[in-house]
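# Architecture and fold: a report
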Amino acid sequence: MVNVEKFIDQAVKQIRDAAGEDKVVMALSGGVDSSVCAALATRAIGDRLVPIYVDTGLMRKGETDRIRSLFADANLRVVDAADEFFEALAGIVDPEEKRKAIGAKFIRIFEREAKRTGATMLLQGTIYPDRIESEGGIKSHHNVGGMPLNIEFKGVIEPLADLYKDEVREVAGGLGLPAEIQHRMPFPGPGLAVRVIGEVTKEKIAIVREANAIVEECLVEEFHPWQCFAALIGLGTGVKGDVRLHGWIVAVRAVASRDGMTADPLLLPHETLSRMATRITAEIPGVARVVYDVTPKPPATIEYE
């Protein structure tokens, strides 16, 4: 386990030394990793930190409004880039290519915002599992293997690169961050794009966004999963109102884990699964059926792509 006080002191010094007198731009998503980075960087360099939230169009339901409210006093810059991301993802079906397209688009946006603000350094909330999975070829995280080789920053600062998720949560507590942030459920950097099998479109994202919100409403407060979500995995035949429907198949995933490196599916009551399936198929017109994923990690990853 991490020595929280020692780590905070070392991380603040690392950021201060790496930044020098320069401004630093960072992605602030509202998750625990980026929020811890922001708190550390604020201690290290104060108002020379430029926090940016990029609305990719691939976020959870109500996410952008929530982030605006949560970080209202942080001089947060909100960038609406949904059209840019959907354009970058058009026609792509391969999971690795999706991640790389998203990673490249993020970097180009941060470069653009850095020029506007005079920032020359990039701060990222990369953690140890991101590095392991990217370097091991399991999947390229958008902020590691998904990053383009040519970037216009003087350097990249990654103060959390040796920590696991549970250790980051401990540091969040040591920094005095709100419990809502400290214990927030992980959400992938590429957003809902990795919860859509095949090409990403606005229609598919809208469906999986609604399904994801229903899953969280049904499971978070009662079962406290480490992570839970819905994914769009293909098309199947169904019946609605005595009419045949060739509609979407939604997979529900809910797991227990300590650090995300391994995970076990939650053994949910049949009544809960039935209630979720009924809500998803009734409230989302294009969905024909719902399935529950009982595969642990390994052999599966937690996310679908």
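Under an unreviewed UniProt entry, the chain has the name GMP synthase [glutamine-hydrolyzing] subunit B and belongs to Methanoculleus methanifontis. As its UniProt record puts it under Function (unreviewed entry), the chain is described as follows: "Catalyzes the synthesis of GMP from XMP." The record held by UniProt for the chain lists under Subunit (unreviewed entry) the comment "Heterodimer composed of a glutamine amidotransferase subunit (A) and a GMP-binding subunit (B)."

All right, on to the overall build of the chain then. From N to C terminus, the chain includes 10 helices and 9 strands. Taking 19 Å as the expected radius of gyration for a compact globule of 305 residues, we find that the chain reaches 20 Å, a close match to that expectation. Dimensions of the chain, computed from C-alpha atoms along their principal axes, come out at roughly 70 × 40 × 40 Å. Of the roughly 13700 Å² that the chain leaves accessible, carbon and sulfur atoms contribute 51%. Computed over 37 positive and 45 negative side-chain charges, the inter-centroid distance for the chain is 2 Å.

What follows deals with the UniProt feature "binding site: ATP" (unreviewed entry) in the chain. Taking the numbering used here, the UniProt-annotated feature "binding site: ATP" (unreviewed entry) corresponds to S29, G30, G31, V32, D33, S34 and S35. Tracing the backbone shows G30 in the loop between β1 (23-27) and α2 (32-45). Sequence-distant contacts of G30, that is, excluding residues within four places in its chain, are made with S35, R66, I67, F71, I181 and R184. Along the chain, S35 turns up in helix α2. With sequence-adjacent residues up to four places away left out, S35 is seen in contact with L28, G30, F71, L177 and I181.

A few words now on the environment of I132. Residue placement: I132 occurs in helix α6 (residues 128-135). Once you skip the residues sitting within four places of it in the chain, I132 turns out to touch Y164 and M261.

With the rule as written, the count across this model stands at 4 aromatic pairs. An angle of 80° between the planes, with centres 5.3 Å apart, marks the rings of Y128 and Y164 as edge-to-face. You can see Y128 sitting in helix α6 and its partner Y164 sitting in the loop between β5 (155-157) and α7 (165-174), a full 36 residues away along the chain. Judged by centre distance (6.3 Å) and plane angle (90°), the ring pair of F229 and Y304 falls under edge-to-face. One end of the pair, F229, is in strand β6 (residues 227-240); the other, Y304, is in the segment after β9 (287-292), with 75 residues separating them in the sequence. Accessibility expressed as a relative area gives 25% for Y304, which makes it partly exposed. Through pairs of rings, three or more aromatic residues link up here, namely F85, F106 and F110.

The subject of this paragraph is the nonpolar core. The tendency in soluble globular proteins is for nonpolar side chains to be buried as a group. Membership of the largest hydrophobic core comes to 86 residues, with the highest contact counts inside it found for V36, L40, L160 and I280. It is α2 that contributes the most residues to this core, 9 residues altogether. Once residues within four sequence positions are removed from consideration, L160 is found in contact with F7, D33, V36, C37, L40, G125, T126, I127, Y128 and V168. Core analysis: the second largest hydrophobic core is formed by 6 residues, W226, F229, A231 and A263 among them.

Rules of the game
- Residues numbered from 1 in each chain as written.
- Predicted model: local features only at pLDDT ≥ 70, side-chain atom pairs only at ≥ 80, totals over all residues.
- Heavy atoms only, no water.
- UniProt positions renumbered as here; feature names shortened; annotations may be inferred.
- Helix = DSSP H or I, 4+ residues; strand = E, 2+ residues; numbered from the N terminus.
- Rg over C-alpha atoms; globule rule 2.2 N^0.38 Å.
- Areas by Shrake-Rupley, 256 points an atom, 1.4 Å probe, with all protein chains shown as cover.
- Lys, Arg positive; Asp, Glu negative; His and termini not counted.
- Charge placed at Lys NZ, Arg CZ, Asp CG, Glu CD.
- Contact = heavy atoms within 4.5 Å.
- Phe/Tyr/Trp six-rings, centres within 6.5 Å; stacked < 30°, edge-to-face > 60°.
- Buried < 20%, exposed > 50% of the residue type's maximum accessible area, 1.4 Å probe, protein only.
- Core = buried A, V, L, I, M, F, W, Y, C linked by side-chain atoms within 4.5 Å.

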